[in-house]
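Okay, here's what each chain looks like letter by letter:
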Amino acid sequence: MSKTMSVLAALTLPFCGYAQPSQLEAARLTAGTTWQPAYNFFCVAPKANSADDPPIQPTKIFDNLYAIGDSGTTAYALATPDGIILLDSLPANQTETVLVPGMKALGLDPANVKYVVVTHGHGDHSGGSFYFQERYGAHVVLSAADWDLLQPQNGKGKASANAPRRDIVATEDQPVTLGDVKIAMVMTPGHTPGSMGLIFPVKDGASTHMAAMFGGTILLPQRPDVATLQTYLKSIEHFRAAAARAQVDVEIQNHPLMDAMQDRLAAVRSRRTGTPHPYVAGAENYLKFLDVMAGCLRAQRADIP
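For clarity, every value in this text was computed on a predicted model and none was experimentally measured.

Calculation notes
Residues numbered from 1 in each chain as written. Predicted model: local features only at pLDDT ≥ 70, side-chain atom pairs only at ≥ 80, totals over all residues. Heavy atoms only, no water. Pairing = 2+ DSSP bridges. Helix = DSSP H or I, 4+ residues; strand = E, 2+ residues; numbered from the N terminus. Axes fitted to C-alpha atoms, helices over the stretch in contact; angles between N-to-C directions. Contact = heavy atoms within 4.5 Å. Expected span 1.5 Å × (residues − 1). Buried < 20%, exposed > 50% of the residue type's maximum accessible area, 1.4 Å probe, protein only. Arc of directions from axis to C-beta. Parallel < 35°, antiparallel > 145°, perpendicular 65-115°, else oblique. Left-handed = near helix turned anticlockwise from the far one by under 90°. Nonpolar A, V, L, I, M, F, W, Y, C, P; charged D, E, K, R; others polar. Disulfide = S-S within 2.5 Å.

Caption draft 1: Structural detail: the sheet that holds strand β4 (residues 83-87). Pairing is mixed across the open sheet formed by 7 strands, whose spatial order is β1-β2-β3-β4-β5-β6-β7. Sheet topology places β1 (59-62) and β7 (168-170) at the edges, where each strand pairs with a single neighbour. On average, adjacent strands in this sheet sit at an angle of 25° to one another, irrespective of strand direction. Bridge count between β1 and strand β2 (residues 65-69): 3 bridges; the pairing is antiparallel. By the bridge assignment for β2, lysine 60 is matched with tyrosine 66. Running at roughly 145° to β2, helix α4 (residues 95-105) makes contact with β2, β3 (74-80), β4 and β5 (113-117) of the sheet. Along the sheet, helix α9 (residues 261-270) makes contact with β1, β2 and β3, crossing β1 at roughly 85°.

In C-alpha cells:
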C-alpha cells in the first residue's frame, strides 16, 4: 500500500471501522480535480449539517436561480414569468430571519411563490413551507411517502411541528410546471422513504443548462442499516440514469457541504461576462459527482453487498 493510501485508510478507519483502499482510490480518480471537495467529504471526512454552518450571501447563481441559507443547508428560488418555485424552504425558525429577507435582498417577492417543492420531509427542508402555504397560498409538493412522514395517517403518529397541510403528491410522471420551467421529480428513497431528486433548466444569458439536485443525500454513512444503504445506492443509480437522459451539466445541493459552495458563489459574484460559469461542470462530469457519492459509500461500508 502506498503512503498516500495508508493516510487515506487511517483517516477513514476511525470514522466507521473500515475502509477499502482500492475503492477509495477508484473514487479519488473518478473525482479528479472537479470533484475533489466531494471526494474529501464523502470518502475522507463526512459530517452532518449544523446550526453553526456559516451563512451564505444570498446570491443569484443563474439568471433564474437564487441561493439562500448557509453552507450546510440551502434553499433555492427558481424564478419564472408566472411566479417563483422554492426548492426546499429551510427550517421554520429561519423563514422570517433568513429565507424571506434573503429573497427580498435578491429582489424576489415572497408573495410570488407559487410552489414549494420539498425534496424530503425533514424539518430543515420542509419547515418554511407552511409559511408560504398559509400566507400566500403556495402549493407544497412532496412525495407520498414523505407526506406520511410529516402527516402520519390512521393514528400512526403525530404530525410534525410546522408541517404544511397535505397538498400535491409528487410523482415521476408529472413534473411541476410554472411559466417556462418544468421540474422533473425523481424518487430517490434512502435518506427518507420518499426523498426526491430534482432536474430543471437554468438560464445563463442565451444559454440554457440542465441542473440537478440530489435532494436526499446521506451525509453520515455509518448510521443507516445495510438494507437502507442498498436502497440508497439503487436510488443513486436511478437518479444517475435520469440525469444522463436529461444531459444534466449543473450540480447543486441542498446540503452543499461537499461542493465548495462558498468558493463557487464567490466565483459567480466576481464572474466577468463571457467567462465560463463556475456551476457548469458538463454532462459527463456531473455523472462523476454521483459516482463519487456511490463509490465513497461503498468504500466506507464494506458490509454493503
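That covers the picture; the talk isn't over yet.
Caption draft 2: Spotlight on helix α8 (residues 226-246). Taking 1.5 Å per residue, 21 residues should reach 30 Å; α8 reaches 30 Å between its end C-alpha atoms and fits that length. Burial in α8 covers these residues: Leu229, Tyr232, Leu233, Ser235, Ile236, Phe239, Ala242 and Ala243. The inward-facing, buried residues of α8 abut β9 (181-187), β10 (196-204), β11 (207-214) and α10 (283-300). Downstream of α8 by one or two residues, glutamine 247 has phi in the positive range, about 55°.

Caption draft 3: Structural detail: helix α2 (residues 21-31). Within the span of α2, buried status applies to Leu24, Ala27 and Ala31. For α2, the buried positions fall inside an angular range of 65° around the axis, keeping them on one side. Exposed residues pointing more than 90 degrees away from the buried face of α2 are listed as Ser22 and Leu29. With its phi angle positive at about 55°, glycine 32 sits one or two positions after the end of α2.

Caption draft 4: Looking closely at the packing of helix α3 (residues 36-44) against α10. Between α3 and α10, the shortest axis-to-axis distance is 8 Å and the interhelical angle comes to 25°. As the angle between them shows, α3 and α10 are arranged roughly parallel. In the packing of α3 onto α10, the handedness of the crossing is right-handed. Contact with α3, carried on its side by Ala38, Tyr39, Phe42, Cys43 and Val44, involves Phe289, Val292, Met293, Cys296 and Gln300 of α10 and no other residues of that element. Considering only residue class, the contact of α3 with α10 consists of 9 nonpolar, 1 polar and no charged.

Caption draft 5: Just the state of the cysteines, in detail. Per the counting criterion, the structure on display carries 1 disulfide. Between the sulfur atoms of cysteine 43 and its disulfide partner cysteine 296 the distance amounts to 2.0 Å. Residues cysteine 43 and cysteine 296 share a disulfide whose torsion about the S-S bond is about -105°; that sign makes it left-handed. With a gap of 253 residues between them, cysteine 43 in helix α3 and cysteine 296 in helix α10 connect regions that are remote in the sequence.

Caption draft 6: Spotlight on unusual backbone geometry. Phi at aspartate 88 takes a positive value of approximately 70°, unusual for a residue other than glycine. Position of aspartate 88 relative to the elements: it lies in the loop between β4 and α4. Classification of aspartate 88 as buried rests on a relative accessible area of 0%.

Caption draft 7: Structural detail: the packing of α2 against α3. Between α2 and α3, the least distance of the axes is 8 Å, while the angle of their chain directions is 155°. Taken as axis vectors, α2 and α3 run roughly antiparallel relative to one another. For the pair α2 and α3, the crossing hand works out as right-handed. Taken together, the residues of α3 that come into contact with α2 (itself represented by Leu24, Ala27, Arg28 and Ala31) are Gln36, Tyr39 and Cys43. Residues that form the contact of α2 with α3 fall into these classes: 5 nonpolar, 1 polar and 1 charged.

None of this, on its own, says anything about what the molecule does.
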